[in-house]
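Residue-level listing of the chains:
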Amino acid sequence: MAEPVIGIDLGTTNSVVATVQSGTPVVIANRSGYRLTPSVVAIAKNGKRLVGSLARRQAVTNAERTVVSVKRLMGRKWSSRSTQEALARLPYTVVPHDKERDDLLIRLGENAYSPPEISAMVLAELRLDAEAFLGQPVTKAVITVPAYFNDSQRNATKDAGRIAGLDVIRIINEPTSASLAYGFGKQIGEKQICVFDLGGGTFDFTVLHMYKGVFEVEATGGDSLLGGDDFDDRIVDWLAQPFLEKHRIDLRKDKMSLQRLRDAAEKAKCELSSTLQVEINLPFIATAQGAGPLHLQAALARPQVEVLTRDLVDRCLGVCERVMAEAKVKATELGDVLLVGGQTRMPLIQARVRQMFGREPSKAVNPDEAVALGAAIQGAMLLHQEQEMLLLDVTPHSLGIAIAGGFFQSIIPKNTTVPTSAHHVFTTVKDDQTSAKITVLQGESEIAAQNELLGEFMMTGLRKAKRGEVDIDVIFDISADGIVSVSALDVQTGLRQSITVTSSSGLTEDEIKTAAKANEEWMLGQKEDPEFQKQKVRAEELFKQFDELWPRLKQAAANGLGNEPVQRAEAALSVAKLQVQQKESAGLAASLDRLDRMLGALRGAVERGLTSPRGSKP
Ligand SMILES: Nc1ncnc2c1ncn2[C@@H]1O[C@H](COP(=O)(O)OP(=O)(O)OP(=O)(O)O)[C@@H](O)[C@H]1O
Ligand SMILES: [Mg+2]
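Residues numbered from 1 in each chain as written. Chains lettered and ligands numbered in written order. Predicted model: local features only at pLDDT ≥ 70, side-chain atom pairs only at ≥ 80, totals over all residues.

**Some points on the overall build of the chain**
Part 1 of the argument: Along the backbone of the chain there are 14 helices and 27 strands.
Part 2 of the argument: Taking the principal axes of its C-alpha atoms as reference, the chain extends roughly 115 × 60 × 55 Å.
Part 3 of the argument: By residue count, 43% of the 618 residues in the chain fall in the buried class.
Part 4 of the argument: Look at the contacts in the chain between residues 6 or more apart in sequence, and 68% of them connect residues 24 or more apart. (Helix = DSSP H or I, 4+ residues; strand = E, 2+ residues; numbered from the N terminus. Buried ≥ 20, exposed ≤ 12 C-beta atoms within 10 Å, placed from the backbone. Contact = placed C-beta atoms within 7 Å.)

**What about the domain arrangement of the chain?**
Part 1 of the argument: Per the domain assignment, the segments of the chain are domain 1 (5–226 + 313–392), domain 2 (228–309), domain 3 (399–494) and domain 4 (530–607).
Part 2 of the argument: Summarising the inter-unit geometry, the C-alpha centres of domain 1 and domain 2 are found 28 Å apart.
Part 3 of the argument: Each side of the interface is counted separately: domain 1 has 20 residues, and domain 2 has 14 residues.
Part 4 of the argument: Residues belonging to the side of domain 1 that touches domain 2 are distributed by class as follows: nine nonpolar, eight polar and three charged. (Domains from an automatic or database assignment. Nonpolar A, V, L, I, M, F, W, Y, C, P; charged D, E, K, R; others polar.)

**Looking at the environment of Gln-450**
Part 1 of the argument: Mapped onto the elements, Gln-450 comes out in the loop between strand 23 (436–442) and strand 24 (452–460).
Part 2 of the argument: The contact partners of Gln-450, leaving out residues within four places of it in the chain, are Gly-443 and Ser-445.

**With respect to the environment of Lys-140**
Part 1 of the argument: Its location among the elements puts Lys-140 in strand 11 (residues 140–145).
Part 2 of the argument: Separated by 274 residues in sequence, Lys-140 and Lys-414 have C-alpha atoms that sit 29 Å apart.
Part 3 of the argument: Aside from chain neighbours lying at most four places away, what touches Lys-140 is Glu-3, Val-5, Asp-167, Ile-169, Gly-379 and Leu-383.

**Quick look at the site of ligand 1**
Part 1 of the argument: Near ligand 1, the surroundings consist of 22 residues, among which Gly-11, Thr-12, Gly-199, Gly-228 and Gly-342 are the closest.
Part 2 of the argument: Put simply, the parts of the chain that give the shell around ligand 1 at least two residues each are helix 6 (228–247) and helix 7 (255–271).
Part 3 of the argument: If one sorts the elements of the shell around ligand 1 by residue count, helix 7 sits on top with three residues.
Part 4 of the argument: Residues from two domains meet in the shell around ligand 1; each of domain 1 (5–226 + 313–392) and domain 2 (228–309) gives at least three. (Near = placed C-beta within 6 Å.)

**Observations concerning the sheet that holds strand 7 (residues 66–67)**
Part 1 of the argument: The three strands lie next to each other as 6-5-7, forming an open sheet whose pairing is antiparallel. Of all strands in the sheet, those with a lone pairing partner are strand 6 (49–51) and strand 7, marking the two edges.
Part 2 of the argument: In terms of strand pairing, strand 5 (residues 41–43) meets strand 6 through three bridges, oriented antiparallel. Paired with Val-41 across the bridge in strand 6 is Val-51.
Part 3 of the argument: Lying over the sheet, helix 3 (residues 115–134) contacts strand 5, strand 6 and strand 7, oriented at roughly 70 degrees with respect to strand 6. (Pairing = 2+ DSSP bridges. Axes fitted to C-alpha atoms, helices over the stretch in contact; angles between N-to-C directions.)

**Some points on the packing of helix 6 against helix 8 (residues 302–326)**
Part 1 of the argument: Put simply, helix 6 and helix 8 touch, their axes get as near as 10 Å, and they point 135 degrees apart. One way to sum up the angle between helix 6 and helix 8 is to call them oblique. Between helix 6 and helix 8 lies a crossing whose hand is right-handed. Of the residues in helix 8, those touching helix 6 at Asp-230, Phe-231, Arg-234, Ile-235 and Trp-238 are Val-305, Leu-308, Thr-309 and Leu-312.
Part 2 of the argument: For the contact of helix 6 with helix 8, a count of residues per class yields six nonpolar, one polar and two charged. (Parallel < 35°, antiparallel > 145°, perpendicular 65-115°, else oblique. Left-handed = near helix turned anticlockwise from the far one by under 90°.)

**Let's talk about the sheet that holds strand 15 (residues 214–223)**
Part 1 of the argument: Here we have five strands laid out as an open sheet, ordered 18-13-14-15-19, and mixed in their pairing. The open sheet is flanked by strand 18 (336–340) and strand 19 (390–392), the only strands paired with a single partner. Ignoring which end each strand starts from, the neighbouring axes of this sheet average 25 degrees apart.
Part 2 of the argument: Pairing geometry for strand 13 (residues 191–198) and strand 14 (residues 203–211), over eight bridges, is antiparallel. Bridge assignment links Leu-198 to a residue of strand 14, and that residue is Phe-203.

**Describing the nonpolar core**
Soluble, globular proteins show a tendency: their nonpolar side chains are buried together.
Part 1 of the argument: Counting residues in each nonpolar core, the largest one holds 128 residues, and the members touching the most others are Ile-8, Ala-18, Val-67, Leu-123, Phe-196, Leu-338 and Ala-372.
Part 2 of the argument: When residues no more than four places from it in sequence are discounted, the contact partners of Ala-372 are Gly-7, Ile-8, Asp-9, Val-16, Val-17, Ala-18 and Val-27.
Part 3 of the argument: Residues Phe-243, Leu-251, Leu-296 and Leu-300 belong to the second largest nonpolar core, which totals 16 residues. (Core = buried A, V, L, I, M, F, W, Y, C linked by C-beta atoms within 7 Å.)

Below is the structure:
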C-alpha cells in the first residue's frame with residue numbers, strides 16, 4: 001500500500017483532515033464521528049489534555065484553561081498591535097516570553113506553551129484520527145494556511161507540524177487548495193475564477209486562472225485579522241454595552257461571562273443565517289451587589305446583525321476590489337465565484353457577493369471541507385504524482401530590505417509566482433569592513449518600520465579590502481511553501497558568505513525538538529496497545545449479543561427466571577463498559593470471560609423458558 005498522506009485545514013475555529021483513497025479525496029471523520037474538529041485545546045481540572053469538541057464543551061466552565069482561536073497568535077510578535085488587540089478579546093492568559101525574539105506564551109494550568117505547541121496539539125489529534133481511520137501510521141502531511149499569512153506565520157505553522165511529528169511536505173494557501181477541490185476530476189476548459197474565503201479568523205480573496213490542468217494564481221490578498229470571530233464580537237458588544245449602562249457591570253471583563261457571551265453570540269449569528277429572529281437568554285450571567293443574580297435576555301433580528309457588521313462585509317469587498325485590480329480583471333468577467341469558510345453562510349455576504357459579481361456564487365464545493373480536500377489532493381500529487389494538475393501560487397507580500405533613511409526597498413514584488421528568487425548586490429561602505437547586516441522585511445509600505453520584520457541577517461568574515469571593493473550578492477529565495485531564505489556570495493571570489501539570523505519570532509531548533517519529544521510521548525499514551533484492541537473488539541461483540549438477547553431475557557425474567565440474573569448481567573456489563581472507556585486491558589479480559597459465561601447461561605435459561613409451558617413466544 002502506498003504511503004498515506006493527509007491534508008489538514010488548520011482553521012481558526014475548526015480543523016478538517018482529509019486524504020485521497022483509491023483516487024478519491026475523502027474527509028476523515030474524527031474518532032467521535034464528526035468531520036469538523038473544533039480548534040480548541042484545554043487542560044481539564046484533572047490535568048488531562050482535551051482537544052476538539054471535548055475541549056470546546058467545557059470552555060465556559062474552564063475558560064482560563066481553554067485556548068480558542070490560537071491561529072490569531074501564530075507567528076505574531078508580542079509587541080505587535082495585532083497581538084495586543086487579540087489579547088483584549090481572548091479569555092485565556094498570554095504573557096511575553098523572550099525579549100529579543102519578542103515572542104509570547106499561552107498559560108494553560110501550570111505550564112506555558114507557544115502558539116505552535118498549541119496548534120501541534122490539534123494536529124496531533126487529527127493525526128491520531130487519520131491513523132485510526134487508515135489503520136496505519138501517518139507522518140506525511142500538507143497543511144493549509146491563509147494566503148495572506150506572512151513568512152513568520154507560515155514558519156510557525158510548519159513548526160507546529162514538526163512538533164506533532166508530521167513531515168510537512170508542503171504548506172499551501174487555503175483558497176488555492178479550495179480551487180483544487182473544485183477542479184479535481186472535472187474537465188474544465190480555460191477559466192478565470194475567484195475564491196472568497198471568510199472563516200473564523202481570516203479573510204482571503206484569490207483570483208485564479210485555470211487551463212489544461214494548471215491552476216495559476218494571478219493575485220491574492222486578504223486580512224489575517226478579519227473573520228467570523230469579529231462578527232461575534234459585534235454581537236457581544238451589542239449585548240454587553242446596555243448591560244454595562246444599566247447595571248454598571250462589564251460582562252466582557254469576567255472570563256467566564258465573556259465566554260458565555262461569545263458562545264451565545266456565535267450561536268445567534270449562525271441561527272440568523274436561516275431564521276429572521278432569535279432569542280438570547282443568559283440566566284445568572286452576573287451578580288449585582290445587594291440585588292442578587294442578574295440575567296441577560298435579548299431578541300436579535302437579522303437586519304440588526306447586518307447593521308452591526310456591515311463595515312466588516314465592506315472590508316471584505318474592499319479587499320476583493322483591490323485584488324481584482326491587481327489581477328486586471330473585472331468582477332463580472334470572472335467565470336465562477338467559490339464561497340469558502342463558514343462565515344460565508346451569512347445571507348448578507350451572499351447578497352453582497354451576488355451584487356458585486358453579478359452572478360450566483362458557485363455551489364460546487366462544500367465551504368467547510370473544500371480546503372482540506374484540496375490539501376489531500378495536493379499531498380497525493382506531491383507524493384504519488386497521482387494527478388496531472390499543476391499548482392502555481394504567488395507570494396502575498398512584497399519582500400525587501402531596509403535601506404538608508406529608514407526606507408524599504410522591494411526586491412520581490414507581491415503576486416510573484418513561487419518558488420522564486422532574486423539577487424541584490426551590496427557593496428562595503430568602509431575600508432576593511434568585515435561584517436554587514438541586512439534587515440529583511442515583508443510588506444507594502446515605503447517606510448521600513450511599517451513592514452513585518454522577517455529577520456536580521458548578519459554577514460560575517462567579509463574579505464578585508466578598500467571600501468566599495470567587496471561586492472556581496474545576496475540571494476533571496478521564496479519556496480513553494482511561501483517561506484523565505486537568504487544566502488550570500490562574494491562576487492569577486494565566488495565564496496559563499498555565512499549568514500546568521502539574529503532576530504526571528506520563530507522557535508529555536510532545540511525548542512521544537514523538546515516539544516516534539518513531549519508530543520510523541522503523549523501520542524504513545526493515547527495509542528491503544530494491541531492487546532487492549534483485541535479485547536475491545538471482543539467486548540463490542542459481546543455487548544452486541546447482550547443487546548440482542550435483552551428483550552427476550554426481560555421476558556424470561558417476568559416468566560419465572562426472576563430479576564436477579566438480569567441485574568447481575570447489567571452490573572457486569574457496566575463494569576466492562578467502564579473498563580473499555582478507561583482502557584483497562586487486564587481487568588477487561590477477566591470481565592469479558594465472566595460475561596461470556598453469563599451469556600451462555602442466560603441464553604440457555606431463555607431457550608428453556610421459551611420452550612417451557614409457561615413461556616410465551618416472542
Ligand atoms: N450558518 C452560519 N452562519 C454564519 N456564520 C457561520 C455559520 N456557520 C459557521 N459560521 C461561522 O464560520 C466561522 C468558522 O468558519 P470556518 O470553520 O470555515 O473557519 P476556520 O476555517 O476555522 O477559520 P479560518 O479559515 O479563518 O482559519 C465561525 O465564525 C462560525 O461562527
Ligand atoms: Mg478556514
